[in-house]
Amino acid sequence: AVRAAALGLIAHRQRVLAVLAGPDGSLELVPTGPVDLAAPWRRRGERWLLPAEVALDDLAPEARRVATPAPALVQLGVDGDRDVYVDLEALGALEIDAPAAEGAAIARAVAATLATSVLAEVATLVGVAVPDAAFCDHRHHVSADTPTDGVAAAVDAVGSTAFAESSTFELRARATGGEAWEPAVLVVGPDAGDVPLPRRTPGVAVVSAAPIVGPSSVLA
């Protein structure tokens, strides 16, 4: 569904921020800004609904036009009976506001979810103060000693993507330059100490149960 909506989002210079999946198969897409999507998407305020009766075959023609644009899409929780997925790259940085034990559990869960996701097979997953086992032997898992080292490892992993002018969502969707534009996700446990983020880096996402020094969203 995200792939099917990708070109419509890109046309308005936006990307997917979150997707809410209902038990009946319906989806609600939350973009990063105002967009206008074609049928079978239906507007619901600033969000877009994909009814449950829409078949995958109806989405396939649009979806086949793009590559996977959001490999860092991960479930963060529930809203009523709907599963809530967010694109960590669209957030940039997410601080987990919770007691240490709960924060550590959420950080491990995000690490494991990414490590076992078919979308994130090519992503680099950097862990700081998160048990290596949480990354499930992911082939691109890197362990760093400090948050500063972790940030450096993540930025280094994305290479020239860090200087891209277009969003990584667009670069991947269009398969620009024939590259995969792999992201790097830094996952930080509560005992790591402050995480310094001097600037937002394209292709790098941070999820931290330790305080983030710099702009971030908050999971409370």
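Residues numbered from 1 in each chain as written. Predicted model: local features only at pLDDT ≥ 70, side-chain atom pairs only at ≥ 80, totals over all residues. Heavy atoms only, no water.

## Here we look at the layout of surface pockets
So, point 1. Quantified by volume, the largest pocket comes out at close to 440 Å³.
So, point 2. Lining the largest pocket we find 18 residues, and of these Ala 1, Val 2, Arg 3, Leu 73 and Leu 119 sit closest to its centre. (1 Å grid on protein atoms, 1.4 Å probe; cavity = no way out; pocket = protein on both sides within 12 Å on 5 of 7 lines; lining within 4 Å. Points joined across faces, edges and corners; volume = space filled by probe spheres on them.)

## Details of the sheet that holds strand S3 (residues 42-44)
So, point 1. Pairing is antiparallel across the open sheet formed by 6 strands, whose spatial order is S3-S4-S2-S1-S6-S5. Every interior strand has two partners, whereas the edge strands, S3 and strand S5 (73-79), have only one. In this sheet, adjacent strand axes meet at a mean angle of 25° when their direction is disregarded.
So, point 2. Judged from the 3 bridges that link them, S3 and strand S4 (residues 47-50) form a sheet pairing that is antiparallel. Paired with Arg 43 across the strands is Trp 48, a residue of S4. (Pairing = 2+ DSSP bridges. Helix = DSSP H or I, 4+ residues; strand = E, 2+ residues; numbered from the N terminus. Axes fitted to C-alpha atoms, helices over the stretch in contact; angles between N-to-C directions.)

## Observations regarding the nonpolar core
So, point 1. Val 86, Leu 88, Leu 114, Leu 125, Val 130, Val 185 and Val 187 are the most contacted members of the largest nonpolar core, which has 27 residues in total.
So, point 2. Those elements that provide at least two residues to this core are strand S1 (16-21), strand S6 (82-87), helix H3 (88-91), strand S7 (93-96), helix H4 (100-115), strand S10 (184-188) and strand S12 (204-208).
So, point 3. Ranked by residues supplied to this core, first place goes to H4 with 5 residues.
So, point 4. With residues near it in sequence (within four places) discarded, Val 86 still touches Leu 17, Ala 18, Ala 72, Leu 73, Val 74, Leu 76 and Leu 91.
So, point 5. Formed by 24 residues, the second largest nonpolar core is a distinct cluster that contains Leu 9, Val 16, Leu 29 and Phe 169. (Core = buried A, V, L, I, M, F, W, Y, C linked by side-chain atoms within 4.5 Å. Buried < 20%, exposed > 50% of the residue type's maximum accessible area, 1.4 Å probe, protein only. Contact = heavy atoms within 4.5 Å.)

Read these as layout, nothing more, since geometry by itself doesn't imply function.
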